[in-house]
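Understanding the architecture of this molecule
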Amino acid sequence: MSEKKEAGILYLVGTPIGNLEDVSFRVLRVLKEVDLIAAEDTRHTRKLLSHYDIHTPLTSFFEHNERKKTAYIIEKIKEGKNVALVSKAGMPCVSDPGVYLVEKAVEEKIRIVPVPGPSALLLALVVSGLPTESFVFEGFLGRTKKERVKKLKLLSQERRTIVIYEAPHRIKKLLPEIREILGDRRIVVARELTKKFEEVIRGKVSEVEEVFSGREPKGEFTLVIEGAK
């Protein structure tokens, strides 16, 4: 009778959100040593791996194939393989795929090891100048105005600092919605954090609206909003 193999490990690996120097020795070691890397964007991850001369096999793992690929990854880990999950940037499972995989790994009693890395929400929060001792993270508020307005109304009495993500093509729509529902309170818009064109814009919501009135927003955006008084 063949001996049953010991299950492998699922690593949740944080990767740079822009600057490739923002990677730890431990992250590089794990990415080199695992048997497989499950990546949200294989082309993007391949740039990181190539930069550090890492040749570990890749498999795609994104929003629309997460459930199908979860079964495949769980099976590989049960066979004794070690798998690293990475998102396009930052920590997996935070407004990125991975929650379902982790849930199933927990059910299967698979060992899960987090390997820390950069996080846009924390970087934006600490550079904002707004209170950091208590905050709430809401991710993306929604693609439609109806979804965004509904979330903003729920947040209108939130006293903690609010952190959200937004796509560049929706910033000009979101800012007036924030002002109308939350009021003209202090806000910080962090753009392209750790990258060449990093920018942090601080002011009242109306002032930040004015900044973007004459230009087309580009890049990755994190918004930090003052809590209700």
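Here, the structure is the one placed above.
Residues numbered from 1 in each chain as written. Predicted model: local features only at pLDDT ≥ 70, side-chain atom pairs only at ≥ 80, totals over all residues. Heavy atoms only, no water.

Observations concerning the sheet that holds strand S7 (residues 161-166)
For clarity, the threshold we go by: Two strands form a pair only when DSSP identifies at least two bridges running between them. The numbering of helices and of strands both runs from the N terminus, where a helix is a DSSP run of H or I of at least 4 residues and a strand a run of E of at least 2. Lines are fitted to the C-alpha atoms to define the axes, a helix being fitted only along its stretch in contact, and any angle between axes, read from their N-to-C directions, falls within 0 to 180 degrees.
The strand order across the open sheet built from five strands is S6-S7-S10-S8-S9, with neighbouring strands paired in mixed fashion. Single-partner strands in this sheet number two, and they are strand S6 (135-140) and strand S9 (199-204). The average angle at which neighbouring strand axes cross in this sheet is 15°, direction not considered. As paired strands, strand S8 (residues 186-191) and S9 are joined by six bridges and run antiparallel to one another. By the bridge assignment, Arg191 is partnered in S9 with Glu199.

Brief notes about the side chain of Glu177
Our working rule: Pairing of N or O atoms within 3.5 Å defines a polar contact, subject to two protein rules: one partner must be a possible hydrogen donor and the other a possible acceptor, and residues neighboring in sequence count only if both atoms are side-chain atoms. Contacts: residue pairs with any heavy atoms within 4.5 Å of one another.
Here Glu177 is to be found in helix H7 (residues 171-182). A polar side-chain atom of Glu177 sits 2.8 Å from a polar atom in the side chain of Arg148. Excluding residues within four positions of it along the chain, Glu177 makes contact with Lys145, Arg148 and Leu152.

What to know about the environment of Val102
Defined as follows: Three labels apply to residues, based on accessible area from a 1.4 Å probe with only protein chains included: buried if under 20% of the type maximum, exposed if over 50%, partly exposed otherwise in between.
Mapped onto the fold, Val102 is located in helix H4 (residues 99-107). Overall, the relative accessible area of 18% leaves Val102 in the buried class. Sequence separation between Val102 and Ser87 is 15 residues; the distance between their C-alpha atoms is 14 Å. Here Val102 is in contact with Leu12, Cys93 and Ile112, once residues within four sequence places are set aside.

Remarks on the sheet that holds strand S3 (residues 58-60)
Taken together, five strands build an open sheet; the order of strands is S3-S2-S4-S1-S5 and the sheet is parallel. Both outer strands of the open sheet, S3 and strand S5 (111-115), are each paired with one neighbouring strand and no more. Pairs of neighbouring strands in the sheet enclose a mean axial angle of 25°, with direction left out of account.

Details of the packing of H7 against helix H8 (residues 205-213)
What counts, and what does not: Orientation is classified from the angle alone, with under 35 degrees giving roughly parallel, over 145 giving roughly antiparallel, 65 to 115 giving roughly perpendicular, and any other angle giving oblique. Two helices that cross are described as forming a left-handed crossing if the nearer one is turned anticlockwise from the farther one by less than a right angle, and a right-handed crossing if clockwise. In the scheme used here, Gly and all other residues not listed as nonpolar or charged are polar, with Ala, Val, Leu, Ile, Met, Phe, Trp, Tyr, Cys and Pro taken as nonpolar and Asp, Glu, Lys and Arg as charged.
Running from amino to carboxyl end, H7 crosses H8 at an angle of 160°, the nearest separation of the two axes being 9 Å. Put simply, H7 runs roughly antiparallel to H8. Considering the relative orientation of H7 and H8, their crossing is left-handed. Contact with H7, carried on its side by Ile171, Lys172, Leu175, Pro176, Ile178 and Arg179, involves Val205, Ser206, Val208, Glu209, Phe212 and Ser213 of H8 and no other residues of that element. Classifying every residue of the contact of H7 with H8 by side-chain character gives seven nonpolar, two polar and three charged.

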